[in-house]
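Survey of secondary and tertiary structure
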Amino acid sequence: MHWFSKLFLSPSPLSSVSTATKLAVFMASRRDGHISLKLLLCTSTTGTWTTSSSPDVVLLLTPPSEAAGAETAPSSLSAAMTPLVSRLSRLWAIMRKPRAAVGSGHRKQAASQEGRQKHAKNNSQAKPSACDGLARQPEEVVLQASVSSYHLFRDIAEVTAFRGSLLSWYDQEKRDLPWRRRAEDEMDLDRRAYAVWVSEVMLQQTQVATVINYYTGWMQKWPTLQDLASASLEEVNQLWAGLGYYSRGRRLQEGARKVVEELGGHMPRTAETLQQLLPGVGRYTAGAIASIAFGQATGVVDGNVARVLCRVRAIGADPSSTLVSQQLWGLAQQLVDPARPGDFNQAAMELGATVCTPQRPLCSQCPVESLCRARQRVEREQLLASRSLSGSPDVEECAPNTGQCHLCLPPSEPWDQTLGVVNFPRKASRKPPREESSATCVLEQPGALGAQILLVQRPNSGLLAGLWEFPSVTWEPSEQLQRKALLQELQRWAGPLPATRLRHLGEVVHTFSHIKLTYQVYGLALEGQTPVTTVPPGARWLTQEEFHTAAVSTAMKKVFRVYQGQQPGTCMGSKRSQVSSPCSRKKPRMGQQVLDNFFRSHISTDAHSLNSAAQ
């Protein structure tokens, strides 16, 4: 048995593993003579195998040379790992066998892309055989290749310097935000965790400036978990309207109800239990709540943190890939300050949001510029370009042990001198949203308190679940079929209607996260007939004032602006809202242009003559 040639251990040494915990090793992959293993923790008191929530403890084993004889091991690991020597020896023997002999879960890789995908799918679903009496457990595949130390923090001094510089900067430069004030001032842990939870959910895919007013209004209306749990979904959707990604508000309320009804009103206290017990809470949100509200030393990775880490350690590969994501979470866990985990995580996010920005980073204002490998790479490339030095500058570079480094810039996208630090990271091209079309109609009738418009409620699942909208149908290839389908939908809710009054007003284009939806906007005003007073469940008449405060999407507000713009004396088509309508100014015909030019020239000449006479 040959001991470990490389060790990546985060966040703590093996000596910190309690005596109530046993370690087991599962084979994950083999590449270029290196074998990646993942340590799983087994609590002996329960017999349950679970992966540590901390970043992977990855040991890379290299094949023993022919001259290798006695076992050698780092002294710091020998005591902790000695009980595993026999098991690792047997596992090593299995790994050295041909791939086909390992088991049905490790088939030969197919030559075609389809075969490779099927192979990966089969491996992810297969259950491993029992190994040396260990409990059966779904296999976790670790896509860990050889990682150069260039992309790591190699000593505690470097980590300490990073923590100190970042936190000192944050203490001086942090923005005054309402959720931070609440987290700092609130003494009740459940209220504090709830306040952090609301802010983290709202901030997903949404800018801080947009969230501030929504957050303030939410916390004024529902200051506690109990208040939110007792609210209706209609109220939640109504307050969330315009914030986008509407399922977030629904899941937030579902989580609050679970805490109140099933957990005694107390929020789970760790990132692991938060993610496990609360609907819609993923790894990042759980880590943010646990570190900020409860002081758990757990790292977090969102878009801002990922960008900071990629630049600080010169990681150019796509951060959304499995391998790079694992590496980033490992770095975040290694760096988080155990004394101030919440502040550290917020500082890393603040740095990415205000200084280490996606396109125009302010490197001169960065508190960790001296530790940034991306900045060092820029300086190196500038020196090489100026040819002011003979030979290569003395700047460290990545030197992987074998093959291409999977964390560096991909070979297909080499260094771009014009981008500077923005070379890190390179993101995969984003798939464009699919395009869809529909027809929608604003149906209006007179009412005692003014004009009323008809709204219907969307299904409780899917896009814009539970929100209200104008009656709509999918797009039809011809205008005649479109009008017929839309009229039938309107009559389903409001009874017989005059087809001749249905008018096409324009179109609205609205892009959701994955759909670009074009609405063909129609209008129908019911004048001179008895108002409709009863409608089926799922529909209701609202005044225009009620519409603006109802749980409707931004797209429907755009549709209503087009309708309002087509009423007598108005024209409100908005380019900013990607709205077009027939009332938009058209280019005059050639004959009209000639007349306009003739009269314009004479008017200009007459005006000049009058001005001269006046002088």
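What comes next is a walk through the structure. (Residues numbered from 1 in each chain as written. Predicted model: local features only at pLDDT ≥ 70, side-chain atom pairs only at ≥ 80, totals over all residues. Heavy atoms only, no water.)

1. Quick word on the overall build of the chain
Scanning the chain for helices and strands turns up 20 helices and 13 strands. Considering only intrachain contacts with a sequence separation of at least 6, the fraction spanning at least 24 residues in the chain is 66%. Accessible area for the chain stands at about 32,400 Å²; split by element, carbon and sulfur atoms hold 51% of it. (Helix = DSSP H or I, 4+ residues; strand = E, 2+ residues; numbered from the N terminus. Contact = heavy atoms within 4.5 Å. Areas by Shrake-Rupley, 256 points an atom, 1.4 Å probe, with all protein chains shown as cover.)

2. So, the side chain of R248
Summarising the element assignment, R248 is placed in helix 10 (residues 247–262). Among buried Asp, Glu, Lys and Arg side chains, R248 stands out as unpaired, with E200 the closest opposite charge at 9.8 Å. One polar contact links the side chain of R248 to the main-chain carbonyl oxygen of G244, over a distance of 2.9 Å. In this structure, R248 is in contact with V201, M202, L203, Q204, T206, W240 and L243, ignoring residues within four places of it in sequence. (Buried < 20%, exposed > 50% of the residue type's maximum accessible area, 1.4 Å probe, protein only. Lys, Arg positive; Asp, Glu negative; His and termini not counted. Salt bridge = Lys/Arg side-chain N within 4 Å of Asp/Glu carboxyl O. Polar contact = N/O pair within 3.5 Å; in protein donor to acceptor, adjacent residues only side chain to side chain.)

3. Regarding the state of the cysteines
Within the structure shown, the criterion is met by 0 disulfides. Between C310, a free cysteine, and C356, which holds the nearest cysteine sulfur, the sulfur-to-sulfur gap is 9.5 Å. Judged by its relative accessible area of 0%, C310 falls in the buried class. (Disulfide = S-S within 2.5 Å.)

4. Things to note about the packing of aromatic side chains
For the structure shown, the criterion picks out 10 aromatic pairs. Residues W179 and Y215 carry aromatic rings whose centres are separated by 5.3 Å and whose planes lie at 80° to one another, so their mutual orientation is edge-to-face. Residue W179 is located in helix 5 (residues 178–185), and its partner Y215 is located in helix 7 (residues 208–221); the two are separated by 36 residues in the primary sequence. Accessibility expressed as a relative area gives 6% for W179, which makes it buried. Note on F560 and Y563: the rings are 6.2 Å apart at their centroids and 20° apart in plane angle, and the pair reads as stacked. Linking F560 with Y563, this pair stays in helix 19 (residues 554–565), spanning 3 residues, or about one helical turn. (Phe/Tyr/Trp six-rings, centres within 6.5 Å; stacked < 30°, edge-to-face > 60°.)

5. What to know about the pattern of salt bridges
The final tally for this structure, using the stated rule, is 18 salt bridges. A salt bridge links E479 to R483, with the nearest nitrogen and oxygen atoms 3.6 Å apart. Separated by 4 residues within a single helix, E479 and R483 lie in helix 17 (residues 479–494), roughly one turn from each other. Judged by relative accessible area, which is 42%, E479 ranks as partly exposed. The partner of E489 in a salt bridge is R492, with the nearest N and O atoms 3.1 Å apart. Taken together, the positions of E489 and R492, both in helix 17 and 3 residues apart, correspond to about one turn of that helix. You can call E489 buried: its relative accessible area is 15%.

6. So, the environment of T518
Structurally, the position occupied by T518 is in strand 11 (residues 515–525). Relative accessible area serves as the criterion here: at 15%, T518 is assigned to the buried category. Through-space distance from the C-alpha of T518 to that of E435 is 7.8 Å; in sequence the pair is 83 residues apart. For T518, the contacting residues outside a window of four places in its chain are E436, S437, S438, E507, V508 and V509.

7. Concerning the side chain of R250
Along the chain, the position of R250 falls in helix 10. Residues in contact with R250, not counting those within four places in the same chain, are L233, V236 and A465.

8. Quick word on the environment of T418
Along the polypeptide, T418 turns up in the loop between helix 16 (373–386) and strand 6 (434–445). Given a relative accessible area of 70%, T418 falls into the exposed group. Sequence-wise, T418 and V378 are 40 residues apart; in three dimensions their C-alpha atoms are separated by 10.0 Å. Polar side-chain contacts of T418 include one of 2.6 Å to the side chain of D416.

9. A look at unusual backbone geometry
Across the junction of F424 and P425, the peptide omega takes the value -15°, indicating a cis bond. Summarising the element assignment, P425 is placed in the loop between helix 16 and strand 6. Notably, A314 is not glycine yet its phi reads approximately 55°, a positive angle. Relative to the elements of secondary structure, A314 occurs in the loop between helix 13 (303–312) and helix 14 (322–335). Judged by relative accessible area, which is 2%, A314 ranks as buried.

10. As for helix 13
It helps to recall that an α-helix has 3.6 residues per turn; residues three or four apart then point in one direction. For helix 13, the tally of buried residues reaches 8 of 10 residues, placing the bulk of the element in the interior. Along helix 13, the residues that are buried comprise V305, A306, R307, V308, L309, C310, R311 and V312. Packed against the buried residues of helix 13 are helix 4 (156–173), helix 14, helix 15 (341–354) and helix 16. Capping the start of helix 13 is the job of one residue whose side-chain oxygen sits 3.2 Å from the backbone nitrogen of N304: D302. Following helix 13 by one or two positions, A314 has its phi on the positive side, about 55°.

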